[in-house]
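Structural characterization, general
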Amino acid sequence: MDSTGTESSTGTGAEKDKAAVGLTKARTAPTPAPTPAEAPDIQSHDTFVIKKALSLTAGEYVVSVARPDGSEGEPVAYAREKRLSLRGQVTVYTDASRKSVLAAFKGRDHEVGYMYDVRDASGQSFGSFYEDAGASFLRRTWQVRQPGTMKLTGRERSRVVAFVRFVWEFVPYLEYVPFIWPYRFKYTENGKPLMTVTKKLGLHTRYVLEILAPDIDRRLAIAHTLALDALEVD
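Residues numbered from 1 in each chain as written. Predicted model: local features only at pLDDT ≥ 70, side-chain atom pairs only at ≥ 80, totals over all residues. Heavy atoms only, no water.

1. A look at the nonpolar core
- Of all hydrophobic cores here, the largest spans 42 residues; its most connected members are Phe48, Phe129 and Ile216.
- With eight residues, helix 3 (residues 218–230) is the largest single contributor of residues to this core. (Core = buried A, V, L, I, M, F, W, Y, C linked by side-chain atoms within 4.5 Å. Buried < 20%, exposed > 50% of the residue type's maximum accessible area, 1.4 Å probe, protein only. Helix = DSSP H or I, 4+ residues; strand = E, 2+ residues; numbered from the N terminus.)

Dropping the structure here:
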């Protein structure tokens, strides 16, 4: 090193060059792909609109947050039904790319008929539901279970609509056609209303899911609402 400090100055410049290169790489590095943790926070919403898309290859659904006027807002999930599945099988995804699973359910043999376990992306069960065959003779009735939290009983509110549905299922060939009349299910625990599902009348199959209890897992509620449609003619 000479008395003018030339070597020291050069070393400082080299460090600046390295820093500039590092900064350039940082700016040009690709943005990481979204992870499942970055999926929309559906637990913070209480009302959803579930619309069935027209498709010849599979039963497809779009789940959106409901606006104050009841219309469809931001999509938060997408679902697809596996056709020709005797026990009913539906997968719910976090986005339209179907790369990240939010929930899924599939029927299994049980003493009550078919039990539907709802599982997360890792295969862990966080709820279940089944149709109460005895109670469903007059009005369709479902039991929805969220372990350690609550047990919901969902029943058709209108006896008239329930009777029409009952007759519909015994008319030749109509048993293979989805029931087109609008209906509403009310879900209670010990008589307290905690959730409702309303099928709307229109050109497109459309449901409004309203959750009245903050502890209900929205994934379970959405999965069960999808089952009301996907299992309708099973």
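2. Comments concerning the environment of leucine 209
- Topologically, leucine 209 is positioned in strand 12 (residues 206–211).
- You can call leucine 209 buried: its relative accessible area is 0%.
- Separated by 24 residues in sequence, leucine 209 and phenylalanine 185 have C-alpha atoms that sit 9.7 Å apart.
- Discounting chain neighbours no more than four positions away, the residues touching leucine 209 are Asp46, Thr47, Phe48, Met195, Thr196, Val197, Ala221, Ile222 and Thr225. (Contact = heavy atoms within 4.5 Å.)

3. Looking at the confidence of the model for the protein
- For the protein, the average pLDDT comes to 79, and 67% of its residues sit at 70 or higher.
- Of the regions scoring below 50 in pLDDT, residues 1–12 engages in two contacts with residues more than four places distant in sequence or in other chains.
- When the criterion is pLDDT under 50, residues 14–39 qualifies, and its contacts beyond four places in sequence or with other chains add up to two contacts. (pLDDT = per-residue confidence, 0-100.)

4. Focus on the pattern of salt bridges
- Counted by the stated rule, this structure contains ten salt bridges.
- The residue arginine 80 makes a salt bridge to glutamate 60 at a minimum N-O spacing of 2.5 Å. One end of the pair, arginine 80, is in strand 3 (residues 72–81); the other, glutamate 60, is in strand 2 (residues 59–66), and 20 residues separate them in sequence.
- The salt bridge partner of arginine 140 is glutamate 131, with a shortest N-O separation of 3.3 Å.
- Given the relative accessible area of 8%, arginine 140 is considered buried. (Salt bridge = Lys/Arg side-chain N within 4 Å of Asp/Glu carboxyl O.)

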